[in-house]
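Descriptive structure summary
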Amino acid sequence: MDSHAHGLWFVVVTILIALLLSIFPLGPSLAWARPDWLLLILVYWLLALPERVGVIVCWLCGILLDILQGAVLGQNAFAFAVIAYIIQVSYQRLRMFSLRKQAAFVLLLELFHILVNQWAENINGVAHTHWLIFLPTLTTGLLWIFVRPLVAWFQRAFTVF
């Protein structure tokens, strides 16, 4: 297997793991704080490999997440496609940010994702109205500080790009 295909499989495996973590059952109190694993992984790959992971890949991942979560079809796909576009337009600048500034940016991206989901659910009459819906912004932003170096280490250890 050549290094390009090996690297592509690593990207796919990390996305599949993120999808599984996104639907893994949690207790009622922990479910409110569930980080957006798929967003974390997609942001990582958008910054690390912008030529391989882009708007279409993020849109497809969003559709898969919609299906897995039973969400309104297209709500996650739209949010992830817009997030991918934002990152692709400014990825060179974002790469230069410190880890803490990137975490703050990821927090804002998760806030956008939650707001898009609330908008789509509100249109369909199923939106949550509790303030805890915003808790994943904190957990996702804080987890970026750990996820980015961890995935980067695995990328260096198991693939050659």
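First, a word on what this report is: a plain description of the structure on this page. Predicted, not measured: the structure shown is a model, and the values here were computed from it. (Residues numbered from 1 in each chain as written. Predicted model: local features only at pLDDT ≥ 70, side-chain atom pairs only at ≥ 80, totals over all residues. Heavy atoms only, no water.)

1. Quick word on the layout of surface pockets
Remark: the empty space left among the atoms is shown by a probe the size of a water molecule rolled over them. Let me state the cut-off plainly: Only protein atoms enter the calculation, which uses a 1 Å grid: trapped sets of points that fit a 1.4 Å probe without letting it out are cavities, open sets showing protein on both sides within 12 Å along at least five of seven lines are pockets, and any residue with an atom within 4 Å of a point is a lining residue. Grid points are joined across faces, edges and corners, and a volume is the space filled by probe spheres set on the points. To qualify as a helix, a DSSP run of H or I must reach at least 4 residues; to qualify as a strand, a run of E must reach at least 2; elements of each kind are numbered from the N terminus. Residue polarity follows a fixed list, in which Ala, Val, Leu, Ile, Met, Phe, Trp, Tyr, Cys and Pro are nonpolar, Asp, Glu, Lys and Arg are charged, and the others, Gly among them, are polar.
Quantified by volume, the largest pocket comes out at close to 650 Å³. Ranked by residues supplied to the lining of the largest pocket, first place goes to helix 6 (residues 99-123) with six residues. Of the residues that constitute the lining of the largest pocket, the class distribution is 11 nonpolar, nine polar and four charged. If you add up the space inside the second largest pocket, you get close to 250 Å³. If you trace the second largest pocket, you find 13 residues lining it, with Thr-14, Ile-17, Ile-41, Leu-150 and Val-151 closest to the centre. Those elements giving two or more residues to the lining of the second largest pocket turn out to be helix 1 (3-23), helix 3 (37-48) and helix 7 (135-158). Taken together, the residues of the lining of the second largest pocket break down into 12 nonpolar, one polar and no charged.

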